[in-house]
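# Understanding the architecture of this molecule
So the chains spell out like this:
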Amino acid sequence: RKEVEQDPGPFNVPEGATVAFNCTYSNSASQSFFWYRQDCRKEPKLLMSVYSSGNEDGRFTAQLNRASQYISLLIRDSKLSDSATYLCVVNGVGAGTASKLTFGTGTRLQVTL
Amino acid sequence: DTGVSQNPRHKITKRGQNVTFRCDPISEHNRLYWYRQTLGQGPEFLTYFQNEAQLEKSRLLSDRFSAERPKGSFSTLEIQRTEQGDSAMYLCASSSSGTGSVYTFGSGTRLTVV
């Protein structure tokens, strides 16, 4: 089983739509969770951290369910500029690995007119 | 520019040649990571330094790969006797102890082995 699993997509949605991405992780002891955004042929950039209580940043809402080992990202009112790959990211566990991040394969989003 | 800098941006090499990439992290960051990314995949962890100490090395990293961070500042990643399967984007990231899991990535070095 992969450490972090995501549906690779692509998700094709019209502008203005709401879209949700899901991710599962295998290590129940993981402590930190993130969503990174990666544009085509560019480096990944931190989109937002994911907190246990859920958190929102503008049109983006992230949720964490520790019991189910499940992370989600909701994008409301999609913009053309949201088109990118969204990477689900979990920190490593164990001595010396607490800051090592493990990335999912990414979910590709294409927002269309 | 205070971001993470990687050189070269692109490298085309013949199979069997050695290549070396350089990464200059954000100066205040004591942690440095190398990742490899192939098309359609997320970044895969290769190795990690805290200051000059190499604390972890992935099983993905064969003996042909070596990384150094001699003075705890810039790092180099060398691949010896390159193979076509080494073609990928090599990403470097840095972070600080205080914000350990928040990475800043460089733009990457795209390696093509022909």
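Our subject in this report is the structure included herewith. Quantities reported herein were computed from a predicted structural model and do not represent experimental measurements. (Residues numbered from 1 in each chain as written. Chains lettered and ligands numbered in written order. Predicted model: local features only at pLDDT ≥ 70, side-chain atom pairs only at ≥ 80, totals over all residues. Heavy atoms only, no water.)

This next bit is on the sheet that holds strand S6 (residues 55–57) of chain A. Residues and elements named next belong to chain A. The strand order S1-S3-S8-S7-S6 describes an open sheet built from five strands, whose pairing is antiparallel. Because the sheet does not close on itself, it has two edges, and the strands there are strand S1 (4–6) and S6. Ignoring which end each strand starts from, the neighbouring axes of this sheet average 20 degrees apart. Note: strand S7 (residues 60–65) against strand S8 (residues 70–75), six bridges, orientation antiparallel. Bridging across to S8, Leu64 finds its partner in Ile71. (Pairing = 2+ DSSP bridges. Helix = DSSP H or I, 4+ residues; strand = E, 2+ residues; numbered from the N terminus. Axes fitted to C-alpha atoms, helices over the stretch in contact; angles between N-to-C directions.)

Residue and element names in this part refer to chain B. Taken in spatial order, the four strands make up an open sheet running S1-S3-S8-S7, and their pairing is antiparallel. Edge positions in the sheet fall to strand S1 (5–7) and strand S7 (65–68), since each of these pairs with one other strand and no more. Geometrically, the sheet is characterised by an average inter-axis angle of 15 degrees between neighbouring strands, direction not taken into account.

Attention now moves to the environment of Phe65 of chain B. Residues and elements named next belong to chain B. Within the element layout of this structure, Phe65 appears in strand S7. C-alpha of Phe65 to C-alpha of Gln41: the two residues are 24 residues apart in sequence and 20 Å apart in space. Not counting chain neighbours up to four residues away, the residues in contact with Phe65 comprise Arg36, Lys57, Glu78, Ile79, Asp86 and Tyr90. (Contact = heavy atoms within 4.5 Å.)

Once that is clear, we can look at the interface of chain A and chain B. Facing 20 residues of chain A, the contacting portion of chain B comprises 20 residues. Contact between chain A and chain B buries roughly 1,600 Å² in total, counting both sides, with carbon and sulfur atoms accounting for 52%. Our count for the contact surface shared by chain A and chain B stands at one salt bridge. Glu56 of chain B serves as the salt-bridge partner of Lys100 of chain A, at 3.1 Å between the closest nitrogen and oxygen. Here chain A is connected to chain B by five residue pairs in polar contact (both at pLDDT 80 or more). When residues of the side of chain A that touches chain B are traced back to their parent elements, those giving at least two are strand S4 (33–38), strand S9 (84–91) and strand S10 (101–103) of chain A. (Buried area = accessible area lost by both parts, 1.4 Å probe. Salt bridge = Lys/Arg side-chain N within 4 Å of Asp/Glu carboxyl O. Polar contact = N/O pair within 3.5 Å; in protein donor to acceptor, adjacent residues only side chain to side chain.)

Glancing now at the state of the cysteines. All names here are of chain B. Counted under the stated rule, the structure contains two disulfides over all chains. At a sulfur-sulfur separation of 1.9 Å, the disulfide partner of Cys23 is Cys92. A torsion of -70 degrees about the S-S bond marks the disulfide between Cys23 and Cys92 as left-handed. Here Cys23, found in strand S3 (residues 19–24), pairs with Cys92, found in strand S9 (residues 88–95); they are 69 residues apart in sequence, far enough to count as distant. The exposure class of Cys23 is buried, given its relative accessible area of 0%. (Disulfide = S-S within 2.5 Å. Buried < 20%, exposed > 50% of the residue type's maximum accessible area, 1.4 Å probe, protein only.)

Where charged atoms from two side chains of opposite charge come close, those side chains can pair. Residues and elements named next belong to chain A. In the structure shown here, the tally under the stated rule is eight salt bridges over all chains. For Arg59, the salt bridge is made with Asp82, and the minimal N-O distance between the two is 2.8 Å. Of this pair, Arg59 sits in the loop between S6 and S7 while Asp82 sits in the loop between S8 and S9, and the two are 23 residues apart along the sequence.

The subject of this paragraph is the nonpolar core. All names here are of chain A. Counting residues in hydrophobic clusters, the biggest one holds 22 residues, and the most contacted among them are Phe21, Trp35, Ile71, Leu73, Ile75, Tyr86 and Leu109. Mapped onto this core, the elements with two or more residues apiece are strand S3 (19–25), S4, strand S5 (45–50), S7, S8, S9 and strand S11 (107–112). Once you skip the residues sitting within four places of it in the chain, Ile75 turns out to touch Ala17, Thr18, Val19, Phe21, Arg59, Phe60, Asp82, Tyr86 and Leu109. (Core = buried A, V, L, I, M, F, W, Y, C linked by side-chain atoms within 4.5 Å.)

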